Amino acid sequence: METEYVPVHLESLAAFLIRHHSDQLRSITLSPDPKLHYPLYIDYAELMDEDPPLAHLIFSKPTHYLRFFDDAAVWAHKIIFDKLKVSEKGVEKKFIHVRISIGGSPLECPETFPSIGRVRVKHYGILLTLKGTVIRSGATKMYEGERIYMCRKCKHMFPVYPELETRNSILLPSSCPSQKSKSCEGTTFQYVENTILCHDYQEIKIQESTQVLGVGVIPRSILVILKDDLVDIVKAGALARVEASMVRLLGQTSCPRAKSALWFLNMASIKSHGIGELP
Ligand SMILES: [Zn+2]
């Protein structure tokens, strides 16, 4: 196989995770189940102190960079794995997800932490935090996530991620994404057998607190998509705080109650508090 292309920032992300979260990485490495999805918790404030440009990229393009962060976490885990003592029994993991908390960071402001009723188009795509009561918690389902394609010309293999906006349809690149010095320009790609990765998936709905609303104002709600390790951790009636990126769901534009139908959040992290407890 060709030398793997290391995306920009992946090394610095992995180094950050090793410097600050080697305890969590060690405990993931020592966990026995290789098939589980493991969360790795980080504070946005810490990342901002250490690497402001990187923190800004996570804020402005969370969907893109959180994926890099997950790759970096798996990479950092492999480094920890290789350094284990002979007496320690580590198991290699494939699925680690970085979960970000914005607590104590400048993102804890009305611009990026609006009430659900104040969510607007300008909030699309950035790392957004919302708080509300879980009013619906759907059944856990499974969906087919990323899969590997191969360029027919140069045999370069690359992952393709389904688009949430278009209900998980697969969009292939217009030309070969190989990053080798000589550009390939191949335009036909072949699906590599048995490379589809399945994910657990759950839809919940959160509603803004009625206490902060005026008399007669109907509380707004928003659909939230939970994946992998975030599935099955919140119950209806609980208060939840989510850090997520907002995605516009296509194909429902005729709905008059646009806000709850058109937007949903693709999760970076979720914290749940017991029923009736204050966050
Ligand atoms: Zn190619």
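Residues numbered from 1 in each chain as written. Predicted model: local features only at pLDDT ≥ 70, side-chain atom pairs only at ≥ 80, totals over all residues. Heavy atoms only, no water.

S.K.: Hey, could you run me through the coordination of the zinc ion in this one?
M.R.: Four donors placed tetrahedrally around a metal ideally meet at 109.5 degrees, and six donors placed octahedrally ideally meet at 90 or 180 degrees. Taken together, the protein ligands of the zinc ion are C151 (SG), C154 (SG), C176 (SG) and C184 (SG), with distances of 2.2 to 2.4 Å. Coordination at the zinc ion comes from four donor atoms whose angles at the metal span 106 to 112 degrees, giving a geometry best classed as tetrahedral. Here the donor residues for the zinc ion map to a single chain with the spacing C-x2-C-x21-C-x7-C. According to the relative accessible area criterion, C151 is buried, its value standing at 0%. (Donors = N, O, S within 2.8 Å, 3.2 Å for Na, K, Ca; no water. Tetrahedral: all angles 85-135°; square planar, octahedral: opposite > 155°, others 65-115°. Buried < 20%, exposed > 50% of the residue type's maximum accessible area, 1.4 Å probe, protein only.)

S.K.: Could you clarify how one ought to interpret the environment of I270 in this entry?
M.R.: Tracing the sequence through the fold places I270 in strand β11 (residues 263–275). Exposure remark for I270: the relative accessible area of 9% places this residue in the buried category. Note: C-alpha distance between I270 and V234 (36 residues apart in sequence) is 8.6 Å. When sequence neighbours within four positions are dropped, the list of residues in contact with I270 reads I204, L226, L230, I233, V234, A240, R241 and V242. (Helix = DSSP H or I, 4+ residues; strand = E, 2+ residues; numbered from the N terminus. Contact = heavy atoms within 4.5 Å.)

S.K.: Even after reading the chapter, I still don't get the pattern of salt bridges, so can you show me in this structure?
M.R.: Oppositely charged side chains can pair when the atoms bearing their charge come close. Counted by the stated rule, this structure contains eight salt bridges. A salt bridge links E111 to K122, with the nearest nitrogen and oxygen atoms 3.6 Å apart. Here the residue E111 occupies a position in the loop between β2 (96–101) and β3 (127–137), and K122 occupies one in the loop between β2 and β3, the gap between them amounting to eleven residues. You can call K122 exposed: its relative accessible area is 53%. (Salt bridge = Lys/Arg side-chain N within 4 Å of Asp/Glu carboxyl O.)

S.K.: So what exactly am I meant to see when it comes to helix α3 (residues 52–60) here?
M.R.: Within an α-helix, residues lying three or four positions from one another point in the same direction, as the helix has 3.6 residues per turn. Three or more residues of α3 are buried, namely L54, A55, L57, I58 and F59. The inward-facing, buried residues of α3 contact α1 (10–30), α2 (44–50), α4 (62–82), β2 and β3.

S.K.: Honestly, the confidence of the model for the chain in this entry has me stumped. Any pointers?
M.R.: Low pLDDT means the predicted coordinates in that region are not meant to be read closely. On average, the chain scores 83 in pLDDT, and the residues at 70 or more come to 84%. Between the elements of the chain, mean pLDDT differs from a low of 42, seen in helix α5 (residues 258–262), to a high of 95, seen in strand β7 (residues 189–191). Here residues 1–6 is modelled with pLDDT under 50, and outside its nearest four sequence neighbours on either side it reaches six contacts, counting other chains as well. (pLDDT = per-residue confidence, 0-100.)

S.K.: How should the pairing of β2 be read in this particular structure?
M.R.: Within a regular strand, side chains alternate between the sheet's two faces. With six of six residues buried, β2 is to be regarded as a mostly interior element. Residues I96, V98 and I100 line one face of β2 and the alternating positions H97, R99 and S101 line the opposite face, and both faces are buried. With six bridges connecting them, strand β1 (residues 38–43) and β2 associate as parallel partners. The residue bridging Y38 from the neighbouring strand is I96, located in β2. (Pairing = 2+ DSSP bridges.)

S.K.: Any chance you could explain the sheet that holds β7 here in plain terms?
M.R.: Within a sheet, each strand pairs with its neighbour through backbone hydrogen bonds, oriented either parallel or antiparallel. On the basis of which strands lie adjacent, the open sheet formed by three strands has the order β6-β5-β7 and antiparallel pairing. A strand with exactly one partner marks an edge of an open sheet, and here the two such strands are β6 (157–160) and β7. Each adjacent strand pair in this sheet contributes to an overall mean axis angle of 40 degrees, direction not counted. Judged from the four bridges that link them, strand β5 (residues 147–151) and β6 form a sheet pairing that is antiparallel. Paired with I148 across the strands is P159, a residue of β6. (Axes fitted to C-alpha atoms, helices over the stretch in contact; angles between N-to-C directions.)

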